[in-house]
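Summary of the model geometry
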Amino acid sequence: MRPLRTSDIAKAAGIHVNTVRLYEELGFLPPVPRSANGYRMYSPDHLAQVLLVRTALRSTWLGGEIRRRALAAIRFAAAGDGRKAVEQARIHLELVRAERSRAEAAAQYLQRWARGALPAETLPRPLRIAQAARLLGVTADELRNWERNGLIRIPRDATSGYRLYGRMESDRLLVIRALRRARYSMMSILRMLRRLDTGQRERLVEVLDSVPPDEEDVFHSTDRWLSKTREIEECAKEMIARLERLEGTSCDTGDELASLGFETETPEFNCIDWEHGDVTLQMGGTAGAAGGTGGAGGTGGADGAGGAGAAGTAGGAGAAGAASRERAFRAFVSPYSLPCDVTAPLVCATTMDELEDAHITGNIVLLRSELAKEPLMPKNFPFYNPDDHQRIIRLLEQGRPAAIISATSRNPALAGGLYPFPIFEDGDFDIPSVYLTEEEGNELAMHVGEDVLLRFESRRVPSRGCNVIARKGGARSPRASRTCSWMWREVSRRTGLRVWPRPRRIWPAALTGSSVSAELNNVPHWNTEHVRSRARRRS
């Protein structure tokens, strides 16, 4: 097959040739060899990588950590590290889903306010701008900016000319703040509020998420933010699918070992896969439906329902009281967790003794500090299972809480750069659980004794796995033989069974070295096809 030219890649991807060269300069493509006369020689792998980049860049990009994760996935894929590329892409998807959940939570808050479903509260007296800013958790400049852009009209004191914020103004500002924190544009909020001010309380979310035809020439992506977040999520899903297909095009473990001169066999065993949806974690007993359809094939922790902007954290009395009672927290589903839909009082435990003494039966228990400092080994894991891990699991199973929330701190030694990280990753542990950051956990702990709503969908899916056994020198040879447990998915009846992910680069070193045993940790924490791999020397 002749090498592909730059123009071939550009035409297939629908981009300019200079864009292809730019991707190469940015490190988005694998190294491109050149011919004797200096022309670039691309392969189908380069084309697949360009299509991956186009998928990632197709829709509007969010900044910060979301952008960094997407770029990291592209660069890991270009470097040939498919496992890390998929890991970064899944984290990218989680962050995008959290952004969408915040947008949906803010829209739900708007609808409840428009219907008058939020509790009506009165302020003891009208507030000045500095007082209102403190109460709402915003700056005075933000309040002035919202007024200057027509989102709200504030009455003034007839004598001094100072702005006076009463209950109606505070209620309206709570909604504006929620929408702005969820990234809705000023123009989309203004269109919605203008409709509301004419007495039309129906289809407000539709107006918030649409651009009138006469404004189509110039508009920002956040003018249609709900739709945009869904488009970005679909791009993130497609990016993961492309990465998994790139991994799947490689030969499986058995074929690779056979190419190195080993005789292989693959005895099968039963195991489980896992799917999940989004999390709703909220104070009080009411909440909107959990959004999203969830990941398949063992995605990472589900993104939280978000909505911190929708409910707010501002303290004090008055209109902010309703928002604080409906505070939503961003949480992630623990891998392999059973589903949950429960409203129960919150109980907190930070030490083993507190957990033993606490009344957790039927309640939602929040684990913090010492109890959430590191991931717990699965309760039936035979190779390494510390006594304190077993005791925590035993106390929880004996106490029978309705659900578990773990607030994890940063732990680079045990969880790497992942934050937060799941405490439970066990298909034999049957108490529903989620995890969140230490900061969110500290705030949640302030509501001990109050009712908490925790809701998410998940399910365990029966699956199959296989051991890859390799022997050098024949089946009865006294020479070394090593085994490694991997799991596969049934791709289709046509293609048969495929091992995923493939252990890359580690196999030749592990199989030709003289060490008695080696751990193969090629499966990251979010991969529900997780089986701890072992290589052993037999004589």
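In this text, all values refer to a predicted model and were calculated from it rather than measured experimentally. (Residues numbered from 1 in each chain as written. Predicted model: local features only at pLDDT ≥ 70, side-chain atom pairs only at ≥ 80, totals over all residues. Heavy atoms only, no water.)

**Quick word on the packing of helix α5 (residues 82-115) against helix α8 (residues 167-181)**
Any two packed helices are characterised by the angle at which their axes cross and by the distance between the axes. It is the contact of α5 with α8, at a shortest axis distance of 9 Å, that shows an interaxial angle of 160°. As summarised for this structure, α5 and α8 are arranged roughly antiparallel, according to the angle between their axes. Helix-helix and strand crossings are classified by hand; for α5 and α8 the assignment is left-handed. Across the interface between the two elements, A106, Y109, L110 and W113 from α5 touch D171, R172, L174, V175, A178 and L179 from α8. (Axes fitted to C-alpha atoms, helices over the stretch in contact; angles between N-to-C directions. Helix = DSSP H or I, 4+ residues; strand = E, 2+ residues; numbered from the N terminus. Parallel < 35°, antiparallel > 145°, perpendicular 65-115°, else oblique. Left-handed = near helix turned anticlockwise from the far one by under 90°. Contact = heavy atoms within 4.5 Å.)

**Overview of unusual backbone geometry**
Residues other than glycine seldom take positive phi values, yet R183 does so here, at roughly 80°. Among the structural elements, R183 can be located in the loop between α8 and α9 (186-197). The exposure class assigned to R183 is partly exposed, which follows from its relative accessible area of 33%. Residue Y336 is not a glycine yet carries a positive backbone phi of 75°. (Buried < 20%, exposed > 50% of the residue type's maximum accessible area, 1.4 Å probe, protein only.)

**Observations regarding the environment of G441**
As for its position among the elements, G441 is in helix α18 (residues 438-445). A relative accessible area of 0% places G441 in the buried class. Beyond its immediate stretch of four places on either side in the chain, G441 contacts L366, R368, A407 and L436.

**Some remarks on the sheet that holds strand β9 (residues 433-437)**
The eight strands are arranged β4-β3-β10-β6-β7-β8-β9-β5 in an open sheet whose pairing can be described as mixed. The open sheet has two edge strands with one neighbour each: β4 (328-329) and β5 (332-333). Judged from the two bridges that link them, strand β3 (residues 280-283) and β4 form a sheet pairing that is antiparallel. By the bridge assignment for β4, L281 is matched with F329. (Pairing = 2+ DSSP bridges.)

**Some remarks on the packing of helix α7 (residues 140-148) against α8**
Between α7 and α8, the shortest axis-to-axis distance is 12 Å and the interhelical angle comes to 100°. By the angle between their directions, the pair α7 and α8 is classed as roughly perpendicular. Along its contact with α7, which presents E142, L143 and W146, the element α8 presents L173, I176, R177, R180 and R181. Looking at the contact of α7 with α8 residue by residue, the classes come out as four nonpolar, no polar and four charged. (Nonpolar A, V, L, I, M, F, W, Y, C, P; charged D, E, K, R; others polar.)

**Observations regarding the pairing of β3**
Because side chains alternate across β3, one face comprises the buried residues T280 and Q282, and the other comprises L281 and M283, equally buried. The pairing of β3 with strand β10 (residues 451-456) spans four bridges and is antiparallel. Each bridged residue has a counterpart across the sheet, and for Q282 the counterpart in β10 is L453.

**Here's the deal with the environment of R163**
Among the secondary structure elements, R163 is positioned in the loop between α7 and α8. Spatially, the C-alpha atoms of R163 and P126 are 9.1 Å apart, while their sequence positions differ by 37 residues. With sequence-adjacent residues up to four places away left out, R163 is seen in contact with L127, R128, I129, R144, E147, I154, P155 and R156. Among the polar contacts made by the side chain of R163, one reaches the side chain of E147 at a distance of 2.6 Å. (Polar contact = N/O pair within 3.5 Å; in protein donor to acceptor, adjacent residues only side chain to side chain.)

**Description of the pattern of salt bridges**
Scanning the entire structure with this criterion turns up 29 salt bridges. Among the salt bridges present, the one from E99 reaches R102, with a minimum N-O distance of 3.2 Å. Of the two residues, E99 and R102 are both situated in helix α5; the distance of three residues between them amounts to about one turn of the helix. Taking the shortest distance from any N to any O, the salt bridge between E104 and R100 comes out at 3.1 Å. You can see E104 and its partner R100 sitting in helix α5, four residues apart, about one turn around the helix. Each member of the pair, E104 together with R100, is buried. Sharing partners across several salt bridges, the network here consists of R97, R100, E104, R230, E233, E234, K237 and D278. (Salt bridge = Lys/Arg side-chain N within 4 Å of Asp/Glu carboxyl O.)

**Regarding the nonpolar core**
Counting 41 residues, the largest nonpolar core has L143 and Y184 as its most contacted members. Within the residue set of this core, elements represented by two or more residues are α5, α6 (129-136), α7, α8, α9, α10 (204-208) and α11 (225-248). With seven residues, α5 is the largest single contributor of residues to this core. Excluding residues within four positions of it along the chain, Y184 makes contact with A103, E104, A106, A107, L179, I189, L208, T222, W225 and L226. (Core = buried A, V, L, I, M, F, W, Y, C linked by side-chain atoms within 4.5 Å.)

**Concerning a negative patch on the surface**
Side chains of D353, E354, D357, E370, D387 and D388 sit close together on the surface and give a patch of like negative charge. Taken together, the elements giving at least two residues each to the negative patch come down to α15 (352-357) and α16 (387-399). Top contributing element to the negative patch by residue count: α15, with three residues. The topology assignment puts D387 in helix α16. For D387, a relative accessible area of 65% translates into the label exposed. (Patch = residues over 30% accessible without salt bridge, like charges linked within 9 Å, V, L, I, M, F, W, Y side chains within 5 Å. Areas by Shrake-Rupley, 256 points an atom, 1.4 Å probe, with all protein chains shown as cover. Lys, Arg positive; Asp, Glu negative; His and termini not counted. Charge placed at Lys NZ, Arg CZ, Asp CG, Glu CD.)

**Observations regarding the side chain of T55**
The residue T55 is located in helix α3 (residues 44-57) in this model. By relative accessible area, which is 1% here, T55 ends up buried.

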